[in-house]
Amino acid sequence: LKIDQYSSGLTVHNHILYVLVGKPRTHFRVQKHELSGKMISSWDTSIGYVDYNELKVVCNKIIIPDPLENQLVVYTLGGQRIKRIPCELCSGQCVKICAVGDNSVVVAVEDSSSIFRLDIESEYVLWTSNYVVKPAAVACYKSRYILVTKYNTDTRIWILDIDTGL
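Note that residues are indexed from 1 along each chain, following the sequence as it is written. Totals for whole chains, interfaces and linings use every residue, but because this is a predicted model, local features are given only for residues with pLDDT of at least 70 and side-chain atom pairs only at 80 or more, for both listing and counting. Excluded from the side-chain calculations are hydrogens and water; all other atoms, namely the structure's heavy atoms, are used.

Before going further, it helps to examine the pairing of strand E11 (residues 114-119). Residue burial is assigned from relative accessible area. The probe radius is 1.4 Å, only protein chains are included, and a residue is buried under 20% of its type maximum, exposed over 50%, and partly exposed in between. Secondary structure elements are taken from DSSP: a helix is a run of H or I of four residues or more, a strand is a run of E of two residues or more, and numbering for both begins at the N terminus. For E11, the tally of buried residues reaches six of six residues, placing the bulk of the element in the interior. Burial along E11 is two-sided: the residues Ser114, Phe116 and Leu118 and Ile115, Arg117 and Asp119 are all buried. Note that strand E10 (residues 104-109) and E11 share six bridges and pair antiparallel. Across the sheet, alanine 108 pairs through a bridge with isoleucine 115, a residue of E11. When DSSP locates at least two bridges between a pair of strands, those strands are taken to pair. Pairing of E11 with strand E12 (residues 125-129), which is carried by four bridges, proceeds in the antiparallel orientation. Note on E12: the bridge partner recorded for leucine 118 is valine 125. In textbook terms, the turn of a hairpin is the stretch between consecutive antiparallel strands, and for E11 and E12 this stretch comprises five residues, one of which, glutamate 123, has a positive phi near 65 degrees.

Structure representation (C-alpha coordinates):
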(Lines give C-alpha, C1' and ligand atoms only; values in the text may rest on other atoms or scores of the structure.)
Protein backbone atom coordinates (compact mmCIF):
# COMPACT_ATOMS: atom_id res chain seq x y z
CA LEU A 1 0.00 0.00 0.00
CA LYS A 2 1.55 3.29 -1.08
CA ILE A 3 0.31 6.58 0.29
CA ASP A 4 1.29 9.77 -1.52
CA GLN A 5 1.08 12.08 1.50
CA TYR A 6 1.97 11.98 5.20
CA SER A 7 -0.01 9.35 7.06
CA SER A 8 -1.17 10.73 10.37
CA GLY A 9 -3.47 7.98 11.55
CA LEU A 10 -5.05 4.71 10.59
CA THR A 11 -7.65 2.29 11.82
CA VAL A 12 -9.20 -0.96 10.60
CA HIS A 13 -12.93 -1.61 10.80
CA ASN A 14 -14.75 -4.62 9.26
CA HIS A 15 -11.68 -5.52 7.18
CA ILE A 16 -11.44 -2.00 5.72
CA LEU A 17 -8.42 0.25 6.33
CA TYR A 18 -9.06 3.96 6.90
CA VAL A 19 -5.99 6.20 6.59
CA LEU A 20 -5.82 9.89 7.55
CA VAL A 21 -3.39 11.64 5.20
CA GLY A 22 -2.27 15.20 4.70
CA LYS A 23 0.59 17.62 4.35
CA PRO A 24 1.35 21.07 5.78
CA ARG A 25 -0.91 23.93 4.68
CA THR A 26 -3.68 21.58 3.49
CA HIS A 27 -6.71 19.81 4.92
CA PHE A 28 -6.66 16.17 5.91
CA ARG A 29 -8.05 13.54 3.55
CA VAL A 30 -9.38 10.08 4.47
CA GLN A 31 -8.45 7.17 2.22
CA LYS A 32 -10.48 3.96 2.40
CA HIS A 33 -8.67 0.77 1.29
CA GLU A 34 -9.24 -2.95 1.14
CA LEU A 35 -6.66 -4.80 3.24
CA SER A 36 -5.05 -5.89 -0.04
CA GLY A 37 -4.19 -2.23 -0.58
CA LYS A 38 -6.75 -1.48 -3.29
CA MET A 39 -8.22 2.00 -2.91
CA ILE A 40 -12.00 1.95 -2.43
CA SER A 41 -12.58 5.70 -2.08
CA SER A 42 -11.23 8.86 -0.52
CA TRP A 43 -12.65 12.16 0.63
CA ASP A 44 -11.50 15.56 1.81
CA THR A 45 -12.22 16.70 5.33
CA SER A 46 -12.59 20.23 6.66
CA ILE A 47 -9.86 19.49 9.21
CA GLY A 48 -6.70 21.57 8.87
CA TYR A 49 -3.35 19.81 8.96
CA VAL A 50 -1.53 19.50 12.31
CA ASP A 51 1.61 17.48 12.99
CA TYR A 52 -0.11 14.69 14.93
CA ASN A 53 -3.68 13.56 14.50
CA GLU A 54 -5.58 10.32 14.06
CA LEU A 55 -8.96 8.79 13.43
CA LYS A 56 -10.99 6.05 15.09
CA VAL A 57 -14.22 4.21 14.36
CA VAL A 58 -16.90 4.32 17.06
CA CYS A 59 -20.39 2.90 16.52
CA ASN A 60 -19.82 2.70 12.74
CA LYS A 61 -18.78 6.35 12.59
CA ILE A 62 -15.35 7.86 11.97
CA ILE A 63 -14.20 10.31 14.62
CA ILE A 64 -11.39 12.79 13.84
CA PRO A 65 -10.13 15.48 16.22
CA ASP A 66 -9.97 19.01 14.81
CA PRO A 67 -7.72 20.76 17.33
CA LEU A 68 -7.44 23.95 15.24
CA GLU A 69 -11.21 24.45 15.67
CA ASN A 70 -11.56 22.89 19.16
CA GLN A 71 -13.89 20.12 18.04
CA LEU A 72 -14.28 16.50 17.08
CA VAL A 73 -15.75 15.81 13.65
CA VAL A 74 -17.96 12.77 13.05
CA TYR A 75 -18.26 11.18 9.59
CA THR A 76 -20.12 8.20 8.18
CA LEU A 77 -17.94 5.31 7.02
CA GLY A 78 -18.53 6.64 3.49
CA GLY A 79 -17.27 10.12 4.23
CA GLN A 80 -20.36 12.25 4.82
CA ARG A 81 -19.95 14.63 7.72
CA ILE A 82 -22.62 13.93 10.34
CA LYS A 83 -21.77 16.55 12.94
CA ARG A 84 -19.15 18.61 14.67
CA ILE A 85 -18.85 18.26 18.43
CA PRO A 86 -17.58 21.49 20.01
CA CYS A 87 -14.94 20.66 22.57
CA GLU A 88 -12.82 23.35 24.21
CA LEU A 89 -10.66 20.63 25.77
CA CYS A 90 -9.66 19.46 22.27
CA SER A 91 -7.03 22.02 21.30
CA GLY A 92 -3.32 21.78 20.61
CA GLN A 93 -0.94 20.36 18.06
CA CYS A 94 -1.01 16.77 19.35
CA VAL A 95 -4.38 15.16 20.02
CA LYS A 96 -4.67 11.38 20.32
CA ILE A 97 -7.85 9.32 20.70
CA CYS A 98 -8.98 5.78 21.36
CA ALA A 99 -12.39 4.19 20.95
CA VAL A 100 -14.09 3.14 24.18
CA GLY A 101 -17.11 0.89 23.97
CA ASP A 102 -19.85 1.57 21.45
CA ASN A 103 -20.32 5.29 21.86
CA SER A 104 -17.37 7.14 23.35
CA VAL A 105 -13.75 8.10 22.86
CA VAL A 106 -10.94 8.98 25.22
CA VAL A 107 -8.98 12.00 24.05
CA ALA A 108 -5.45 12.87 25.18
CA VAL A 109 -4.18 16.41 24.54
CA GLU A 110 -0.45 16.82 24.94
CA ASP A 111 -0.38 20.66 25.04
CA SER A 112 -2.83 20.96 27.95
CA SER A 113 -1.86 17.67 29.67
CA SER A 114 -5.51 16.67 29.71
CA ILE A 115 -7.25 13.37 29.12
CA PHE A 116 -11.02 13.10 28.91
CA ARG A 117 -13.77 10.68 27.92
CA LEU A 118 -16.47 12.00 25.62
CA ASP A 119 -19.79 10.35 24.76
CA ILE A 120 -20.25 10.81 21.01
CA GLU A 121 -24.05 10.65 21.03
CA SER A 122 -24.79 12.96 23.97
CA GLU A 123 -21.63 15.08 23.42
CA TYR A 124 -21.15 14.98 27.20
CA VAL A 125 -17.71 14.83 28.81
CA LEU A 126 -17.92 11.87 31.21
CA TRP A 127 -14.66 12.60 33.06
CA THR A 128 -11.43 14.56 32.80
CA SER A 129 -7.99 13.78 34.15
CA ASN A 130 -4.77 15.75 34.41
CA TYR A 131 -2.95 12.84 36.02
CA VAL A 132 -0.47 12.30 33.16
CA VAL A 133 1.65 15.28 32.10
CA LYS A 134 1.96 15.59 28.30
CA PRO A 135 0.12 12.40 27.27
CA ALA A 136 1.45 11.02 23.98
CA ALA A 137 -0.73 8.00 23.25
CA VAL A 138 -3.85 6.32 24.60
CA ALA A 139 -5.30 2.85 24.14
CA CYS A 140 -8.28 0.99 25.52
CA TYR A 141 -7.50 -2.37 27.13
CA LYS A 142 -10.08 -5.08 27.91
CA SER A 143 -12.91 -2.50 27.95
CA ARG A 144 -11.82 -1.65 31.49
CA TYR A 145 -8.59 0.36 31.36
CA ILE A 146 -7.03 3.27 29.51
CA LEU A 147 -3.29 2.92 28.93
CA VAL A 148 -1.38 6.19 28.57
CA THR A 149 2.19 7.05 27.64
CA LYS A 150 3.73 10.50 27.77
CA TYR A 151 6.22 12.63 25.87
CA ASN A 152 9.77 12.64 27.21
CA THR A 153 12.19 10.05 28.44
CA ASP A 154 9.77 8.66 31.03
CA THR A 155 9.15 5.08 29.92
CA ARG A 156 6.24 4.28 32.22
CA ILE A 157 2.74 3.43 31.07
CA TRP A 158 -0.08 4.80 33.21
CA ILE A 159 -3.18 2.68 33.72
CA LEU A 160 -6.42 4.62 34.27
CA ASP A 161 -9.87 3.29 35.08
CA ILE A 162 -12.09 3.54 32.02
CA ASP A 163 -15.10 4.72 34.07
CA THR A 164 -13.40 7.41 36.17
CA GLY A 165 -10.06 8.37 34.61
CA LEU A 166 -8.32 7.73 37.93
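A few words on the environment of glutamine 31. Structurally, glutamine 31 is set in strand E3 (residues 27-34). Classification of glutamine 31 as buried rests on a relative accessible area of 6%. Each C-alpha atom of the pair glutamine 31 and threonine 164 lies 34 Å from the other, and the pair is 133 residues apart in sequence. There is a polar contact of 3.2 Å between the side chain of glutamine 31 and the side chain of histidine 33. Nitrogen and oxygen atoms within 3.5 Å of one another constitute a polar contact, given that in protein one can donate a hydrogen and the other can accept it, and given that sequence-neighbouring residues count only through two side-chain atoms.

The four strands are arranged E5-E6-E7-E8 in an open sheet whose pairing can be described as antiparallel. A single partner strand is all that each edge strand has here, and the edge strands are strand E5 (56-58) and strand E8 (81-86). Neighbour-to-neighbour, the strand axes of the sheet open up by a mean angle of 30 degrees, direction not taken into account. Where strand E6 (residues 61-66) lies against strand E7 (residues 71-76), six bridges are found, and the strand directions are antiparallel. Paired with isoleucine 63 across the bridge in E7 is valine 74. In this analysis an axis means a line fitted to C-alpha atoms, helices contributing only their contacting stretch, and an angle means the value between N-to-C directions, from 0 to 180 degrees.

As a further point, take the nonpolar core. When a protein is soluble and globular, its nonpolar side chains tend to lie buried together. As used in this record, nonpolar core signifies buried Ala, Val, Leu, Ile, Met, Phe, Trp, Tyr and Cys residues forming a set joined through side-chain atoms within 4.5 Å. In terms of nonpolar packing, the biggest core is built from 16 residues, with Tyr18, Val30, Leu55, Ile62, Ile64 and Tyr75 touching the most fellow members. Among the elements of the structure, strand E2 (16-22), E3, strand E4 (39-48), E6 and E7 are those that each provide at least two residues to this core. Per-element tally for this core: the top contributor is E2, with three residues. Here a residue-residue contact requires only that any non-hydrogen atoms of the pair lie within 4.5 Å. Residues in contact with isoleucine 62, not counting those within four places in the same chain, are Tyr18, Trp43, Leu55, Lys56, Val57, Val73, Val74, Tyr75, Thr76 and Leu77. Within the second largest apolar cluster, 15 residues are counted, among which are Cys90, Val107, Val109 and Phe116.

Attention shifts here to the side chain of serine 8. Considering the arrangement of structural elements, one finds serine 8 in strand E1 (residues 6-13). Assessed through its relative accessible area of 16%, serine 8 is described here as buried. A polar atom in the side chain of serine 8 sits 2.7 Å from the backbone oxygen of asparagine 53. With near-sequence residues (within four places) excluded, serine 8 lies in contact with Leu20, Phe28, Asp51, Tyr52, Asn53 and Glu54.

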